[in-house]
Amino acid sequence: MATDTPTDLFEEHRALLTGVAYRMLGRAADAEDVVQEAWLRWSAADVADVREPRAYLVRVTTRLAVDRLRQVQSRREAYVGPWLPEPVVTDFGPAVPDTAERAVLAESVSLAVLVVLESLSPLERAVFVLREAFGFPYAEIAGVLDRTEPAVRQLAGRARRHVDEGRPRYDVDPGERRALTERFLEAAAGGDLAELLALLAPDVRLVGDSGGKSKSPLRVVESADKVGRFLFAVAQSEVADYTYRIDEINGAPALVGTVDGRVDVVFQIESADGAIQCVYIMRNPDKLQAVPA
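It should be emphasised that the depicted structure is a prediction, and the values quoted were computed from it without experimental measurement. (Residues numbered from 1 in each chain as written. Predicted model: local features only at pLDDT ≥ 70, side-chain atom pairs only at ≥ 80, totals over all residues. Heavy atoms only, no water.)

Novice: Looking at this structure, how should I read the overall build of the protein chain?
Specialist: The helix and strand tally for the protein chain stands at 11 helices and six strands. For 293 residues, the compact-globule formula gives about 19 Å, and the C-alpha radius of gyration of the protein chain, at 20 Å, lands near that figure. Counting only C-alpha atoms, the protein chain reaches 65 × 40 × 40 Å along its principal axes. Taken across its 293 residues, the protein chain has 49% of its residues classed as buried. When contacts within the protein chain are restricted to residue pairs at least 6 apart in sequence, those whose partners lie at least 24 apart make up 66%. Per element, the accessible surface of the protein chain, about 14100 Å² overall, is 50% carbon and sulfur. (Helix = DSSP H or I, 4+ residues; strand = E, 2+ residues; numbered from the N terminus. Rg over C-alpha atoms; globule rule 2.2 N^0.38 Å. Buried < 20%, exposed > 50% of the residue type's maximum accessible area, 1.4 Å probe, protein only. Contact = heavy atoms within 4.5 Å. Areas by Shrake-Rupley, 256 points an atom, 1.4 Å probe, with all protein chains shown as cover.)

Novice: I would appreciate a short explanation of helix α6 (residues 122–133) in the present structure.
Specialist: In an α-helix, one turn spans 3.6 residues; hence positions three or four apart end up facing the same way. The end-to-end C-alpha separation of α6 is 16 Å, in line with the 16 Å expected for 12 residues at 1.5 Å each. Of all the 12 residues making up α6, 10 are buried; the element is thus mostly covered by neighbouring parts of the structure. Buried residues of α6: Pro122, Leu123, Glu124, Arg125, Ala126, Val127, Phe128, Val129, Leu130 and Ala133, and no others. (Expected span 1.5 Å × (residues − 1).)

Novice: Can you help me understand the sheet that holds strand β2 (residues 221–222) in this one?
Specialist: The strands making up a sheet associate through backbone hydrogen bonding, with each pair oriented either parallel or antiparallel. Read across the open sheet, the six strands follow the order β2-β1-β6-β5-β4-β3; overall the sheet is mixed. Looking at the sheet topology across the chains shown, the edges are occupied by β2 and β3 (243–249). As paired strands, strand β1 (residues 200–209) and strand β6 (residues 275–282) are joined by six bridges and run parallel to one another. Following the sheet pairing, valine 207 is matched in β6 by tyrosine 280. (Pairing = 2+ DSSP bridges.)

Novice: What's the story with the packing of aromatic side chains in this structure? I'm lost.
Specialist: Aromatic ring pairs are defined here through the distance separating the ring centres and the angle between the ring planes. Counted by the stated rule, this structure contains five aromatic pairs. Judged by centre distance (5.6 Å) and plane angle (55 degrees), the rings of tryptophan 42 and tyrosine 56 are tilted. One end of the pair, tryptophan 42, is in helix α2 (residues 28–44); the other, tyrosine 56, is in helix α3 (residues 53–77), with 14 residues separating them in the sequence. Of the two residues, tryptophan 42 and tyrosine 56, neither departs from the other in class, the shared state being buried. (Phe/Tyr/Trp six-rings, centres within 6.5 Å; stacked < 30°, edge-to-face > 60°.)

Novice: Quick question: what am I supposed to make of the packing of α3 against helix α7 (residues 138–145) here?
Specialist: Helix-helix packing: each pair is described by the crossing angle between the helix axes and the interaxial distance. Contact geometry for α3 and α7: axes closest at 8 Å, N-to-C directions at 55 degrees. The orientation of α3 relative to α7 falls into the category oblique. Here α3 and α7 pass one another in a crossing that is right-handed. Facing Arg54, Ala55, Val58, Arg59, Thr62 and Arg63 of α3, the residues of α7 in contact are Glu140, Gly143, Val144 and Leu145. (Axes fitted to C-alpha atoms, helices over the stretch in contact; angles between N-to-C directions. Parallel < 35°, antiparallel > 145°, perpendicular 65-115°, else oblique. Left-handed = near helix turned anticlockwise from the far one by under 90°.)

Novice: Help me understand α3, please; the structure alone is not making it clear to me.
Specialist: Here α3 spans 36 Å end to end across 25 residues, near enough to the 36 Å set by a 1.5 Å rise per residue. The sharpest bend along α3 reaches about 25 degrees and sits at glutamine 71. (Bend = angle between axes of the 7 residues up to and from the residue.)

Novice: What should I look at first to understand the pairing of β6 in this one?
Specialist: When a strand is regular, its side chains alternate between the sheet's two faces. Burial of β6 is extensive: eight of the eight residues sit out of reach of the surface. With seven bridges connecting them, strand β5 (residues 262–272) and β6 associate as antiparallel partners. Directly across from valine 266, in β6, lies its bridge partner methionine 282. Hairpin connection between β5 and β6: a loop of two residues separates the two successive antiparallel strands, and aspartate 273 in this loop has a positive phi of roughly 55 degrees.

Novice: I would appreciate a short explanation of the pairing of β5 in the present structure.
Specialist: Within β5, 10 of the 11 residues are buried, which leaves the element mostly enclosed by the surrounding structure. Two elements, strand β4 (residues 252–259) and β5, share five bridges in a ladder whose sense is antiparallel. Bridging across to β5, leucine 255 finds its partner in phenylalanine 267. Taking the residues between adjacent antiparallel strands as the criterion, β4 and β5 are bridged by two residues, where aspartate 260 takes a positive phi near 55 degrees.

Novice: Sorry if this is basic, but what is going on with the pattern of salt bridges here?
Specialist: Pairing is possible between side chains that carry opposite charge, provided their charged atoms lie close to one another. Within this structure, the stated rule accounts for 24 salt bridges. The partner of glutamate 222 in a salt bridge is arginine 205, and the shortest N-O contact between them spans 3.8 Å. Taken as a pair, glutamate 222 in strand β2 and arginine 205 in strand β1 lie far apart in primary sequence, 17 residues in all. Overall, the relative accessible area of 47% leaves glutamate 222 in the partly exposed class. Lysine 213 is the salt-bridge partner of aspartate 286, the closest N and O atoms lying 2.2 Å from each other. You can see aspartate 286 sitting in the segment after β6 and its partner lysine 213 sitting in the loop between β1 and β2, a full 73 residues away along the chain. Overall, aspartate 286 belongs to the partly exposed group, its relative accessible area being 31%. Within the structure, one salt-bridge network assembled from shared partners comprises Glu107, Glu132, Arg160, Asp164 and Arg167. (Salt bridge = Lys/Arg side-chain N within 4 Å of Asp/Glu carboxyl O.)

Novice: Would you mind showing me how to read unusual backbone geometry here?
Specialist: The phi angle of most residues is negative, glycine excepted, and most peptide bonds adopt the trans form. Although it is not a glycine, serine 223 adopts a positive phi angle of roughly 95 degrees. The phi dihedral of aspartate 273 is positive, around 55 degrees, even though this residue is not glycine. With respect to the secondary-structure elements, aspartate 273 resides in the loop between β5 and β6. Residue classification places aspartate 273 among the exposed residues on the basis of a relative accessible area of 75%.

Written out as structure tokens, the structure reads:
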């Protein structure tokens, strides 16, 4: 009987490793670099001596991601304007048939959660990702991070409290969000300011990420009037030149705007009680390369 080659074993777990690395780092490019480094270490190891390839690969990938996160955090402190995670198209496919499991994975990769995770220490973030997103037992996480199980439980509790305190309370119903996203596009493209304002919660927030490389607010915009008028002005000046489609980005529907054959902007909303509570605008060209044009 043929046995799996080292390459086969690695590819079997690549999706898991990429998922862990992306949730740790918030950037697809950084996640790919970490997974590639994990592959190099795996290919140089004596695989015959590895009894549990999945545990070994998760341990290597997580530790590499922790090291990378420590390196990039200082760069993010000097980032121009608000920082948002890099948008990625999410398709969990038939490998995740269970609705409850899909909901957990979608929430763990949502922009709102990933933004809150930025406030955690690298170790807290690793524990949170492995425990909350992928359901790893505490004992296994302790082995991954070379910590005791009580220490991991303490990290997990601290991370959960930070996330619960910092995460806004948004609805996660995908049907409602898609309907609101469609109405949002129709109102903006149709130049209907009144309808656009009607979709927004009174205390709606708009967060734009351009890294200083394209047009986007360098501060968070707040209130329905300010957000609505800003979006209306943007739509009137640019919407005619764009082609928009709705994709699933970071576990939720989003508007992807393309111009001249390239992705130029991704809009995503968060909603609650039938109103838009937050609008994310991602326009940093360095962060849009993972979204297909």
